[in-house]
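Okay, here's what each chain looks like letter by letter:
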Protein chains: 4
Amino acid sequence: MSKYREVQNRLNQILERADVGDRVSRSIDLFLTALVIINIISITLESVPRFYAAYKLLFIWIEIISVGIFTVEYLCRVWVAPSKVPGQYSFAVTCKARAKYMLSFSGLVDLLSILPFYLRAFFPYLDLRILRALRLLRILKLSHYNSAMEDLFEAINEEKRSFYAASYLFAILFILSSTLMYFAEYRTHPTGFQSIPDSMYWALITLTTVGYGDITPITAAGKLIAVGSAILGVIVVALVTGIVASSFNSQMERRNIIFEDQVRKALLDGILDHTEKADLERLRKEFGMTKRRADALIKQVQSMRAKK
Amino acid sequence: MSKYREVQNRLNQILERADVGDRVSRSIDLFLTALVIINIISITLESVPRFYAAYKLLFIWIEIISVGIFTVEYLCRVWVAPSKVPGQYSFAVTCKARAKYMLSFSGLVDLLSILPFYLRAFFPYLDLRILRALRLLRILKLSHYNSAMEDLFEAINEEKRSFYAASYLFAILFILSSTLMYFAEYRTHPTGFQSIPDSMYWALITLTTVGYGDITPITAAGKLIAVGSAILGVIVVALVTGIVASSFNSQMERRNIIFEDQVRKALLDGILDHTEKADLERLRKEFGMTKRRADALIKQVQSMRAKK
Amino acid sequence: MSKYREVQNRLNQILERADVGDRVSRSIDLFLTALVIINIISITLESVPRFYAAYKLLFIWIEIISVGIFTVEYLCRVWVAPSKVPGQYSFAVTCKARAKYMLSFSGLVDLLSILPFYLRAFFPYLDLRILRALRLLRILKLSHYNSAMEDLFEAINEEKRSFYAASYLFAILFILSSTLMYFAEYRTHPTGFQSIPDSMYWALITLTTVGYGDITPITAAGKLIAVGSAILGVIVVALVTGIVASSFNSQMERRNIIFEDQVRKALLDGILDHTEKADLERLRKEFGMTKRRADALIKQVQSMRAKK
Amino acid sequence: MSKYREVQNRLNQILERADVGDRVSRSIDLFLTALVIINIISITLESVPRFYAAYKLLFIWIEIISVGIFTVEYLCRVWVAPSKVPGQYSFAVTCKARAKYMLSFSGLVDLLSILPFYLRAFFPYLDLRILRALRLLRILKLSHYNSAMEDLFEAINEEKRSFYAASYLFAILFILSSTLMYFAEYRTHPTGFQSIPDSMYWALITLTTVGYGDITPITAAGKLIAVGSAILGVIVVALVTGIVASSFNSQMERRNIIFEDQVRKALLDGILDHTEKADLERLRKEFGMTKRRADALIKQVQSMRAKK
């Protein structure tokens, strides 16, 4: 392998989410995560006139340095994109890999993180407030450096059928509630419920139990529909929560089954040697199990064996 | 079987929820679902004067075409109703089957989906706004094409005793909270809490944690009752959620037991042949299990067998 | 046993919560439950001037008949109280048993259900509104006829230690949040946060996620404390819900263990005879299990036996 | 051991959380807990001018006596601090142990509980309201006497990876929701959404489903973003709740595994002798299991043994 490709591959490793044990990659992840968080705080405070007046220079320097680092990061990511493709590089393959990254969700996020700065530099009359707010989308960069969220979505995926059902139930309740409320209130209410979208806004704010109170029913029938919606809203929220809780349990149980199975296999010869322990440890980390839980499971399998 | 009955049966199959593998039936389901969703959006936007003025013709054509399709669907459903009854058709049986469909919940929903249009056509002076809103009930047609909701209700059914208990507890808290609040506030409050139903509206909006804030207590005693109600409301919501979560777990566990049992039977001869795999796959789909979960369960049973 | 005691015992059986299979007792339970519900509705509607004017006579007759029936019920309960005590009756035992019932929670509820009517009859100048509202407490009579709530409290009892912990955490957050908010707002807020109880009212309405919005922070620090409280409130609510869900699961699992154990014992001789089936059915009902769940458990035990 | 150290050790035992069976220590714990609660109530009521005028002397005496007791407690804790360190005492060790306690979280809380009183005594012109509110932090003293909260945190710790993921998801939704809302409203809204922190306040109050309603959107786009945020808020709350519920289940299951294992070992010789029963009872208490649950588990293991 040429030196060029070696550097490219190593840089790819570093920029990708860190493997266990890769110190450099882990440090870069942490540094970029911290930088994103500092950016979010700085952009937020900058939008308050009082702070902007007092610390204008600080905000500008944070912005310049951050955009500099993010630009280097973006260029590196574009450069190393081909090393995600196995096999020989031709010019076509290289371009395709780079275009793929640039048009991917994370590629666009990376671009969007730096673009407002350059746009502002070249077109100084653009709306500063919108550009400033756009910079907040840098928060999406964090998904590069975070693996726990995949777990979350995987858990939810296990019960997606129940989620569809709950969503459909919610949709029906929502439409019924808006329609009935519209009937009940549109004639008497002075300001609200004058169109179905108006009613729908109210219905969603009620069903989710947020309840701003900016539009509330004034007729007796309307109040009855409101409390009915509130109760059904609570039940739907309970359903969603119950489904999520069940998903997590389901995921955890599946993992326990796989882990116990692995322990059982490792214990077939009666002892847990060094390699087997390392394997179990890796599985434990992959599953995000605590040490205590893993030990309890291992002890249980041992005890079942001893009983025979 | 006569050609007439064959066509009738096939049409019935198509209109009913699709079996796995029936492409035509699946497509019709999807088409009608999409049509209902388009209708909901179109009816909602139509109620906003600005949109109505701009796209009047589009809304009218969507309505005419939709009602046309739903009318054909309704007539077809009436026609095929007898093919749900087994055995020979007599005129009496045919009429009874059709009347049964027409008076069933889904039959009435199907009728209600098209009726406002024809009423409006024949009686042009009816209240347009109410007829328009009535058309929103087309959302209920979706239940024809959706099976996941039965699962949801089945899961809840497993813990119905706990739901009764929670409902009763909620009713007691609700009555106590309204009554006490009425005592505490009716003399001093300028606008609210002037009758028990007034207090009840407040109590339900509080207990469900919606909290509009359109009626809030002003006396110290009233505020104390309000916070007490809020806390008890949270606990009751937690109870309902806990019961739902437990229901889902219970359903999932029962399914795991049945699935494992089936795997165990299939493995009695030591191997999992093609028919057995197909059977397990069907069970997996019926239960809405993910492939990963099913595989984990199969591996566990195999591993238990190997251990012996 | 004398005829007198026989009648007394039978009446006691009827008034107590119905055993499975006792038709008369079950009917009386249902009748009295329905009467209480009718009373609640009637008392609520009566408090609305419009309805009172229109249906005055109906409300009065419902009240007179209900109080008549509840009075008979109360007298019967006082009379049969001694039959809850085993052994011979002496005058002292009889009196003690009756006094015990009359001073018990349910005895006082029964008395309170009828007292306002007689007070009003003898002292016509008492505040009608308070007496009317007091009659709403008849809802508490329902606890006579309902067994599911005991289950609920039993389930919660299994995790009472976690509840104490969550309550303590809630108390700390609540005090901290009120105190900090008081510091942040008392100088600048025009109407609210003028004393610690004021802040506490706000804190509880926020921590329970009710959020009326009748008192909201206006300073930057206050808003920061508000969002912090809201987030911590959500986490505490999640904790409570999680504990409840875990309690229900725990109760369900314990019941499964006991049920499976019973099935295992019944199957020791290989078959499930009539008596054993009846025993399991009784246990199933006591535990409020669905038939499907019980069947799945029985099949699992049978399959485990067959495997050996 | 010298008399001096014996007294010191015993006092340390008494002041630490009580062991099972230590009556004196338990009583002191209860007494100090009660005193803290009385203090909280008294300080709260004192801040209401009406109550302060009426019961001024009572409040002062409660304060003086409480501070007296807490001062004695503080001095005792400082004195006994060295007895937590094993081995011989030298002057250096003694000082270090005492300094360690004084700078620990609970040491600072203990100091903060009494300091405002002495500050007020020596500097009578300090802001009375702030000092009064500071005294509320005495609630934190309760953590000395409470063990259940450790359980709570331990349970949550088992699923910390999922919590990180949910927090990150929440952060992204929060930033997106604030940014979009800022775009949608800042031009048209008369009072709110004038800076990103303004939007962030609104977003957090909505995402947590508190929904004060002090700032609500007025544009159509803003309302759409609001309902989207409300729905996503509900889903994130459901996620957090589901994770917590799963954590509790996980903790409970691990404990069941350990307990069953202990029972199995104890039953190896076929009987459960006195020592083994005492061991299981201790484990049961440590795990906060109910007696019924423990009995069910023991019976299950016995029944499994019998079956062999």
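Because the structure is predicted, anything quoted here is derived from the model rather than measured. (Residues numbered from 1 in each chain as written. Chains lettered and ligands numbered in written order. Predicted model: local features only at pLDDT ≥ 70, side-chain atom pairs only at ≥ 80, totals over all residues. Heavy atoms only, no water.)

1. Considerations on the relation of the copies chain B and chain C
Here is the rule: Here the copies are matched by least squares. The fit uses the C-alpha atoms of residues with pLDDT of at least 70 in both.
Placing chain B over chain C gives an RMSD of 0.1 Å and needs a rotation angle of 90 degrees, together with 0.0 Å of translation along the axis. As the rotation angle and translation indicate, the two copies are arranged about a four-fold axis.

2. A look at the domain arrangement of chain A
As a reminder of what qualifies: For the purposes of this description, domain bounds are those given by an automatic or database domain assignment.
Domain boundaries assigned for chain A yield domain 1 (3–146) and domain 2 (160–307). For domain 1 of chain A and domain 2 of chain A, the distance between their C-alpha centroids amounts to 33 Å.

3. What about the UniProt feature "transmembrane region" (unreviewed entry) in chain A?
All names here are of chain A. Cut-off, in case you're wondering: UniProt positions are given in the numbering used here, feature names are shortened, and annotations may be inferred rather than shown by experiment. Helix and strand definitions here come from DSSP, where helices need a minimum of 4 consecutive H or I residues and strands a minimum of 2 consecutive E residues; each element is numbered from the N-terminal end.
In the numbering adopted here, UniProt assigns the feature "transmembrane region" (unreviewed entry) to residues 30–52, 58–80, 101–119, 163–184, 196–213 and 225–245. Split by type, residues 163–184 is 100% helix and 0% strand. Its first and last C-alpha atoms lie 31 Å apart. Along residues 225–245 the backbone is 100% helical and 0% strand, and the end-to-end C-alpha distance reaches 30 Å.

4. A few points about unusual backbone geometry
Even without being a glycine, Phe193 of chain A presents a positive backbone phi close to 55 degrees. By the element assignment, Phe193 of chain A lies in the loop between helix H8 (160–185) and helix H9 (196–207).

5. Digging into the packing of aromatic side chains
Worth spelling out the cut-off: We call Phe, Tyr and Trp rings a pair once their centres come within 6.5 Å, taking the six-membered ring for Trp, and we label the pair stacked below 30 degrees between planes, edge-to-face above 60, and tilted otherwise. Think of it in three bands: residues with accessible area under 20% of the maximum for their type are buried, residues over 50% are exposed, and the middle band is partly exposed, with areas taken using a 1.4 Å probe on protein chains only. Lysine NZ or arginine CZ positioned within 6 Å of the ring centre and within 35 degrees of the ring normal marks a charge as sitting over the ring.
One pass over the structure, following the stated rule, counts 20 aromatic pairs over all chains. Between the aromatic rings of Tyr4 of chain B and Trp79 of chain B, the centroid separation amounts to 5.4 Å while the plane-to-plane angle is 75 degrees, which identifies the pairing as edge-to-face. You can see Tyr4 of chain B sitting in helix H1 (residues 3–15) and its partner Trp79 of chain B sitting in helix H3 (residues 49–80), a full 75 residues away along the chain. Judged by relative accessible area, which is 46%, Tyr4 of chain B ranks as partly exposed. Between Tyr182 of chain B and Tyr186 of chain B the ring centres are 4.9 Å apart and the planes differ by 20 degrees, which places this aromatic pair in the stacked class. Residue Tyr182 of chain B shares its accessibility class with Tyr186 of chain B, and that shared class is buried. Taking NZ or CZ as reference, Lys223 of chain A lies 5.0 Å from the ring centre of Tyr201 of chain B, over its face. The residue whose ring lies beneath Arg50 of chain B is Phe51 of chain B, and the NZ or CZ to ring-centre distance is 5.3 Å.

6. Notes on the interface of chain D and chain A
It is common to give the size of an interface as the accessible area that goes away when the parts come together. As a reminder, the rule being used: Here a residue-residue contact requires only that any non-hydrogen atoms of the pair lie within 4.5 Å. Take the accessible area each of two parts loses on contact, using a 1.4 Å probe, and add the two losses: that sum is the buried area. Here, a salt bridge means any Lys or Arg side-chain nitrogen found within 4 Å of an Asp or Glu carboxyl oxygen. Identification of polar contacts relies on pairs of N or O atoms within 3.5 Å, with a donor-acceptor requirement for protein atoms, meaning one able to donate a hydrogen and the other able to accept it, and with residues adjacent in sequence counted only if both atoms are side-chain atoms. Polar here means any residue other than Ala, Val, Leu, Ile, Met, Phe, Trp, Tyr, Cys and Pro, which are nonpolar, and Asp, Glu, Lys and Arg, which are charged; Gly is therefore polar.
With 56 residues of chain D at the interface, the matching set in chain A holds 57 residues. Roughly 5000 Å² of surface becomes buried between chain D and chain A when both sides are summed, with 68% attributable to carbon and sulfur atoms. Sorting the residues of chain D by area buried against chain A places Arg161, Tyr168 and Ile257 of chain D first, and these three jointly supply 14% of that buried surface. Between the two partners, chain D and chain A, sit 0 salt bridges. Our count for the chain D to chain A interface comes out at 4 residue pairs in polar contact (both at pLDDT 80 or more). Of all elements in the fold, only helix H7 (148–157), helix H8 (160–185), helix H9 (196–207) and helix H10 (220–266) of chain D reach the threshold of two or more residues within the side of chain D that touches chain A. Per element, the largest residue contribution to the side of chain D that touches chain A is 22 residues, and it comes from H10 of chain D. For the side of chain D that touches chain A, the per-class residue count stands at 29 nonpolar, 15 polar and 12 charged.

7. Description of the nonpolar core
What counts, and what does not: Buried residues of nine kinds, namely Ala, Val, Leu, Ile, Met, Phe, Trp, Tyr and Cys, make up a nonpolar core once their side-chain atoms join them within 4.5 Å.
Of all hydrophobic cores here, the largest spans 228 residues; its most connected members are Trp202 of chain A together with Trp202 of chain B. A per-element tally of this core places H8 of chain A first, with 13 residues.

8. A short note on the interface of chain B and chain C
Every contact between the two is made by 55 residues of chain B and, on the other side, 57 residues of chain C. Summed over both partners, the interface of chain B with chain C buries about 5000 Å², with 68% contributed by carbon and sulfur atoms. One can count 0 salt bridges joining chain B with chain C. At the junction of chain B with chain C, the criterion picks out 4 residue pairs in polar contact (both at pLDDT 80 or more). When contributions to the side of chain B that touches chain C are tallied by element, the ones reaching two or more residues are helix H7 (148–157), helix H8 (160–185), helix H9 (196–207) and helix H10 (220–266) of chain B. At 22 residues, the largest contribution of residues to the side of chain B that touches chain C is made by H10 of chain B.

9. As for the environment of Thr44 of chain C
With respect to the helices and strands, Thr44 of chain C occurs in helix H2 (residues 23–46). Measuring from C-alpha to C-alpha, the distance between Thr44 of chain C and Lys56 of chain C comes to 13 Å, with 12 residues separating the pair along the chain. With residues up to four places along the chain from it excluded, the contact list for Thr44 of chain C reads Ile196, Pro197 and Met200 of chain B together with Leu136 of chain C.

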